[in-house]
Every structure is written in C-alpha cells, then in structure tokens.
Amino acid sequence: MGTRLEGKVAVVTGGCSGIGLATVRRFAEEGATVVIGDLDDAAGERIAEEVGGAYVHCDVTDKEHVDALFGGAKDRFGSLDIAFNNAGISPPEDDSILDTDLEAWRKVQEVNLTSVYLCCKAALPHMIEQGKGSIINTASFVAVMGAATSQISYSASKGGVLSMSRELGVQFARQGVRVNALCPGPVNTPLLQELFAKDPERAARRLVHVPMGRFAEPEEMANAVLFLASDESSFITANTFLVDGGISGAYVTPL
Ligand SMILES: NC(=O)c1ccc[n+]([C@@H]2O[C@H](COP(=O)([O-])OP(=O)(O)OC[C@H]3O[C@@H](n4cnc5c(N)ncnc54)[C@H](O)[C@@H]3O)[C@@H](O)[C@H]2O)c1
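Please read all numbers here as calculations on a predicted model, not as lab measurements.

Turning next to the overall build of the chain. For the chain, the helix and strand inventory stands at eight helices and seven strands. In terms of overall size, the chain behaves like a compact globule, its C-alpha atoms giving a radius of gyration of 17 Å where 255 residues would be expected to give roughly 18 Å. Projected onto the principal axes, the alpha-carbon positions of the chain cover approximately 50 × 40 × 35 Å. Residues counted as buried form 52% of the 255 residues belonging to the chain. In the chain, of all internal contacts separated by at least 6 residues, the share reaching a separation of at least 24 is 72%. Accessible surface, the chain as shown: approximately 11900 Å² in total, 54% of it carbon and sulfur.

The subject of this paragraph is the packing of helix α1 (residues 18-29) against helix α8 (residues 218-229). Two elements in contact, α1 and α8, have axes whose closest approach is 8 Å; the angle formed by their N-to-C orientations is 55°. The angle between α1 and α8 places the two elements in the oblique class. The handedness of the crossing between α1 and α8 is right-handed. Contact residues: Gly18, Ile19, Ala22, Thr23, Arg26 and Phe27 in α1; Pro218, Glu219, Met221, Ala222, Asn223, Val225, Leu226 and Ala229 in α8. Each residue belonging to the contact of α1 with α8 can be placed in one class, and the counts come to nine nonpolar, three polar and two charged.

Roughly 1100 Å³ of internal volume is contained in the largest pocket. Lining of the largest pocket is provided by 49 residues; of these, Ala87, Gly88, Ile89, Ser90 and Leu191 occupy positions nearest its centre. The set of elements that each furnish at least two residues to the lining of the largest pocket consists of α1, β2 (33-38), α4 (102-130), α5 (152-171) and α6 (190-197). For the lining of the largest pocket, the element with the most residues is α6, which contributes five residues. Each residue belonging to the lining of the largest pocket can be placed in one class, and the counts come to 22 nonpolar, 19 polar and eight charged. One number sums up the size of the second largest pocket: a volume of about 360 Å³. Lining the second largest pocket are 15 residues, with Phe141, Gly146, Ala147, Arg206 and His209 positioned closest to its centre. Broken down by class, the residue content of the lining of the second largest pocket amounts to nine nonpolar, four polar and two charged.

Scoring rules and cut-offs
Residues numbered from 1 in each chain as written. Predicted model: local features only at pLDDT ≥ 70, side-chain atom pairs only at ≥ 80, totals over all residues. Heavy atoms only, no water. Helix = DSSP H or I, 4+ residues; strand = E, 2+ residues; numbered from the N terminus. Rg over C-alpha atoms; globule rule 2.2 N^0.38 Å. Buried < 20%, exposed > 50% of the residue type's maximum accessible area, 1.4 Å probe, protein only. Contact = heavy atoms within 4.5 Å. Areas by Shrake-Rupley, 256 points an atom, 1.4 Å probe, with all protein chains shown as cover. Axes fitted to C-alpha atoms, helices over the stretch in contact; angles between N-to-C directions. Parallel < 35°, antiparallel > 145°, perpendicular 65-115°, else oblique. Left-handed = near helix turned anticlockwise from the far one by under 90°. Nonpolar A, V, L, I, M, F, W, Y, C, P; charged D, E, K, R; others polar. 1 Å grid on protein atoms, 1.4 Å probe; cavity = no way out; pocket = protein on both sides within 12 Å on 5 of 7 lines; lining within 4 Å. Points joined across faces, edges and corners; volume = space filled by probe spheres on them.

Below, the structure is given as structure tokens:
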C-alpha cells in the first residue's frame, strides 16, 4: 500500500475492464478513493467492494449519467481530484472508410469522443472551484500515426480526444487543473483480444511495428496514469503522453 494518491478522490470511466480496471486497482493501492463509472453492473459492484470504492452505473454518452457520476463523487467523498476518462470501444463494424457506414461511425464518435467532452465538462467546474485537479483522457497512439489497417472512426475519435485534451490543458493551466492525453500503444485487453481473435494475421502485422516486440499489459498503462494523476507530474499538462513501447519513435524495428 503506497501513499502517492493519499486523500484524493478519483473517477474512472470504463473501470470494469482492461486499462481502466488495472488503474482502479493501482489508484486504490496508492490511497485514492475510487469511483467507477461503467455499464457492467455486476463487475462494477464487485470491483468497488474489492478496492473499497464506489460503483455508479454510467453510460458515458449520456449527459445526465455523466453529471451524476462526477457530481455524486464530489458530494459523497468531498472532493474531485482525478478524472480518468477512459471508457471506449473498438467495434469490428468500424473499419476502412470504404466499408464503415454512418451508424458505425457515429456510435464510435459518441462513445469515444463525445463522452470525453461530457466527462471533462462535468469534472472541470469542481476542479476549478478547488483550484486543483488532474484529468487524464485516454486517446491512443493512432491519434498521432496512421495505419493501413484502418478503423476510421476510432482513429478520428482519438485524434479528437488528443486535441481536446491539449486545448483544455492550455486553457485551465493557471487555474490549477492539468489535462493530459494518455496515448497507449496496443495493450493486451479484451478490447484488443476481441479485435485480433477474428484476425490473427492482423495482430502479427501490428507486432512487427513494436520495437519491444510485444503488446503492453494493462498494469503498464495504470502506472503511467498513476504518474499523471499524482502530484509527481505537477509540471506536465496539455501533453501527448505516449506509452507505446517505442512505436511512435520507430522507423525500422529489431528483427
Ligand atoms: N487495448 C488497447 O490496445 C488500446 C490501445 C489504445 C487505446 N485504448 C483505449 O483505452 C481505453 C480502454 O480500453 P481497454 O482496452 O481497457 O477496453 P476494455 O474493452 O477492456 O474496457 C472498456 C470498458 O469500458 C466500458 N464501456 C464501454 N462502453 C461504455 C459506455 N458507453 N459507458 C460506460 N462504460 C463503457 C466497458 O464496459 C469496459 O468495462 C479505450 O478508450 C480504448 O480506446 C486501448
């Protein structure tokens, strides 16, 4: 048990699986009170009990749900210090622009991008009032690099998350609120496993571009989020925080 987030209240969306779940556990280990917002009620209640936090059923595309998640965390626990806006989807219907219809496009924009707008809009007034806070929005390395294995709406949504985070980080820097975009490389989570289970060739094709030659584990993302959430990163804001095993720095990778 550490103390790096002692006394802080954190909201984590998408905290029932993958990167969000690993982060909920890491935050709690470091002394934070964690409020999870997700759709998976059974897992949410169990995880909240495990970490001594709270679970709120929240569809991150629904403004009322999101406002209740952040407002409720502040009312119940007295402050809102950290927002990890992380829920996201990567459905197979989102593919090449030539094959992706408007409905699939819109669904991904809603869950991945509009949700981050709603979460930041809900969290910021509390943090501004306190004069402090750390917001971490989950973008992706595909926000800064192009892929021939396209998921067009996903990539566009993550580009939006990255620019929104940068802009908010700049706008609120003098009010004590830091906003950063976490840009993970491929992480070994259900989201990625689902995508690659149906297409192992696609997985192998991606691994070639990772200098480290493997996908990340969710705990490796959680450690990066912990750093951005804690006061250790006090001079870091509006940042494109790439945690990608070297992908974005690579031209030719080791054999
Ligand atoms: N896994 C990767 O390789 C990878 C890489 C880069 C970025 N990301 C991003 O990281 C984030 C987390 O991904 P993950 O791999 O941990 O995913 P995951 O599928 O393991 O977990 C996502 C969680 O979000 C929840 N969720 C989905 N839709 C929701 C909604 N409308 N409202 C509330 N909760 C909802 C799910 O129930 C689930 O608990 C996503 O934003 C994803 O785009 C993932």
